[in-house]
Each structure stands twice: as structure tokens, then as C-alpha cells.
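Letter by letter, the chains look like this.
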Amino acid sequence: DTGVSQNPRHKITKRGQNVTFRCDPISEHNRLYWYRQTLGQGPEFLTYFQNEAQLEKSRLLSDRFSAERPKGSFSTLEIQRTEQGDSAMYLCASSLGDRGRKETQYFGPGTRLLVL
Amino acid sequence: AQKITQTQPGMFVQEKEAVTLDCTYDTSDQSYGLFWYKQPSSGEMIFLIYQGSYDEQNATEGRYSLNFQKARKSANLVISASQLGDSAMYFCAMREVPALSGSARQLTFGSGTQLTVLP
């Protein structure tokens, strides 16, 4: 039983560089979420896909951020022109179908980004 | 206003004892779900237990149980027989059921409680 995987696990970059993270959800899950978690806080929602369609984006997702989920499988999150404030843990989660309020999201190990 | 409040930044418990982690929430919806996740230092969020707003029984999963008091809008996690491996950050989260099909179904998290189990 393969869980959600994320790559890379850690990324150090210089301010102004672009970075891309990948998330592979649990294979039968049709919904995929990206969250951002800063030190000492709970995760905050960034964006959500149902199959290949990006259905909602948080106000936290500035125009420097873009996410894709081609063919409704893996997803990528790209940050352009990184800023020090982008330093955080980026978490991906996936879930299955529409089980109403009981729908459970399963998280990957996250990608820790440090912008110098 | 915060939707999920966890008032205990840190908690200590002796190994083999029980511990309660507090969570209160704020919503005007009648239908919602409450979740608890564990986050060890490695960073992965591990799903522990779920409670639905219409569930009459308190949820239980092994050593985890949820003390759900709907009128008080609280959903406290009880861990029985604590183990050293229970030391981690614990997050309470809520999922409100969206009115529109296709709307985001994201979780709203509290700020977490750091639990330390002492030998």
C-alpha cells in the first residue's frame, strides 16, 4: 500500500530562483491538495484539484505560485522568483471520492523549502 | 475569528498514563467533520481519528478516542496508555461541507499541541 510521496524532501535555494515540487498521490485518489506549513503553525490550504481540474486557490497562492495536475495523476507546485517568506514546509494530501464530511485526506512527508 | 483553537502549546505526560488534548472549533454549519492528525519531527501528518458532526457515538481508534461535545463545540483527543512514540505535534482540524459541488474541501487546522511522553 503506497502512500502519498513528495519530492524532493528538502530544497535549499537562493532568493529569486524558481523551484518545483512534485507530489504523487495514492493511486486511486481523485482529489489532491497542497498546503503550506510555517514553523509553529498548522498547515494552511493553498490549492485543490479534482482529477486534473484545479478547482480552488487560496488567497495565499500569489501569482508567483502555479500548480498543475496533468492527467489527474501526479501534481507539481512551482514557485517563481522565490522570496525568503516562501520558506516553509509544503505538504501534499490526497483523498478519495466524495464521502461528504468523512472524506479523509492522507498526507505526504512534505518538502521543506529554505530560501536564502 | 479562529475556526480551530488548541489552547495547549505543550503538554507532558508520563508513560502509560492517559492524556487529553483540547480542541474547540467555530462553525455555523450543521454538517462538518473533525479530524486529529499526528506530526512527528519527520514532518509527515498521520491521520488518527475522525468524528462527524452527526455521529452520536464518540469515535474510537485503538488507544485514541475523541471526547465530542457538540453543544460546547469541543472535540478533545484522549490518548490512553501513552507510549514514548506518541511524542509528537498533534493537530485538530475541521472540514466543513461546501455548499457548492466542486468547491474546496480543505481542512482548517489549529496551531497544534506538542506532546512529550516522559519515561
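Bear in mind the structure is a predicted one, so any value in this text is a computation, not a measurement. (Residues numbered from 1 in each chain as written. Chains lettered and ligands numbered in written order. Predicted model: local features only at pLDDT ≥ 70, side-chain atom pairs only at ≥ 80, totals over all residues. Heavy atoms only, no water.)

Here's the deal with the nonpolar core
Residue and element names in this part refer to chain B.
- The biggest cluster of nonpolar side chains holds 24 residues, and the ones touching the most others in it are Tyr25, Trp36, Ile49, Leu77, Tyr90 and Leu115.
- Among the elements of the structure, β3 (19–21), β5 (32–39), β6 (46–52), β8 (64–69), β9 (74–79), β10 (88–96) and β12 (113–118) are those that each provide at least two residues to this core.
- Of the residues forming this core, the biggest block, four residues, is contributed by β10.
- Ignoring sequence-local partners within four residues, the contact set of tyrosine 90 consists of Gln6, Leu21, Trp36, Tyr37, Lys38, Leu48, Leu77, Ile79, Gly112, Thr113 and Leu115. (Core = buried A, V, L, I, M, F, W, Y, C linked by side-chain atoms within 4.5 Å. Buried < 20%, exposed > 50% of the residue type's maximum accessible area, 1.4 Å probe, protein only. Helix = DSSP H or I, 4+ residues; strand = E, 2+ residues; numbered from the N terminus. Contact = heavy atoms within 4.5 Å.)

What to know about the pairing of β6(B)
All names here are of chain B.
- The buried fraction of β6 amounts to five of the seven residues, a majority that puts the element mostly inside the structure.
- Relative to β6, β5 is paired through six bridges, and the arrangement is antiparallel. The partner of tyrosine 37 across the bridge, within β6, is phenylalanine 47.
- Between β5 and β6, which follow one another and run antiparallel, lie six residues, and glycine 43 among them has a positive phi close to 105°. (Pairing = 2+ DSSP bridges.)

As for the sheet that holds strand β7 (residues 65–68) of chain A
All names here are of chain A.
- In spatial order, the strands read β1-β3-β8-β7; together these four strands make up an open sheet with antiparallel pairing. Where the open sheet ends on each side, the last strands, each with one partner, are β1 (5–7) and β7. Strand-to-strand twist across the sheet, computed as the mean angle between neighbouring axes with direction ignored, equals 15°.
- Pairing geometry for strand β3 (residues 19–24) and strand β8 (residues 75–79), over five bridges, is antiparallel. Counterpart to phenylalanine 21 in the pairing with β8 is leucine 77. (Axes fitted to C-alpha atoms, helices over the stretch in contact; angles between N-to-C directions.)

Notes on the pattern of salt bridges
- In the structure shown here, the tally under the stated rule is eight salt bridges over all chains.
- Its salt-bridge partner being Asp24(A), residue Arg22(A) comes within 2.8 Å of it at the nearest N-O pair.
- Classification of Arg22(A) as partly exposed rests on a relative accessible area of 34%.
- Using a relative accessible area of 23% as the deciding quantity, one classes Asp24(A) as partly exposed.
- Where Arg95(B) meets Glu103(A), a salt bridge forms, and the shortest distance between an N and an O atom there is 3.3 Å. One end of the pair, Arg95(B), is in strand β10; the other, Glu103(A), is in the loop between β9 (88–95) and β10 (106–107), on a second chain. In terms of burial, Arg95(B) and Glu103(A) fall into one category: buried.
- Several salt bridges converge on common partners, so that one network encompasses Arg31(A), Glu103(A) and Arg95(B). (Salt bridge = Lys/Arg side-chain N within 4 Å of Asp/Glu carboxyl O.)

Considering a nonpolar patch on the surface
All names here are of chain A.
- Taken together, the side chains of Ile12, Leu114 and Leu116 make up a nonpolar region of the molecular surface, amounting to roughly 300 Å² of accessible area.
- Residue placement: leucine 116 occurs in the segment after β11 (111–115).
- Residue leucine 116 is classed as exposed on the basis of its relative accessible area, which comes to 52%. (Patch = residues over 30% accessible without salt bridge, like charges linked within 9 Å, V, L, I, M, F, W, Y side chains within 5 Å. Areas by Shrake-Rupley, 256 points an atom, 1.4 Å probe, with all protein chains shown as cover.)

Describing the state of the cysteines
Residues and elements named next belong to chain A.
- Scanning the entire structure with this criterion turns up two disulfides over all chains.
- Residue pairing for cysteine 23: its cysteine sulfur links by disulfide to cysteine 92, the two sulfurs lying 1.8 Å apart. Torsion about the S-S bond of the cysteine 23 and cysteine 92 cystine: about -65°, corresponding to left-handed handedness. Of the two residues, cysteine 23 sits in strand β3 while cysteine 92 sits in strand β9, which places them 69 residues apart along the sequence.
- Residue classification places cysteine 23 among the buried positions, given a relative accessible area of 0%.
- Accessibility expressed as a relative area gives 0% for cysteine 92, which makes it buried. (Disulfide = S-S within 2.5 Å.)

Thoughts on unusual backbone geometry
- The omega angle of the peptide bond from Asn7(A) to Pro8(A) is -10°, so this bond is cis rather than trans.
- Relative to the elements of secondary structure, Pro8(A) occurs in the loop between β1 and β2 (10–13).
- One non-glycine residue with positive phi stands out, namely Lys71(A), at about 65°.
- Residues other than glycine seldom take positive phi values, yet Lys16(B) does so here, at roughly 80°.
- Residue position: Lys16(B) is located in the loop between β2 (10–14) and β3.
- On the accessibility criterion, Lys16(B) (68% relative accessible area) is exposed.

Function cannot be read off these values alone, since they describe shape.
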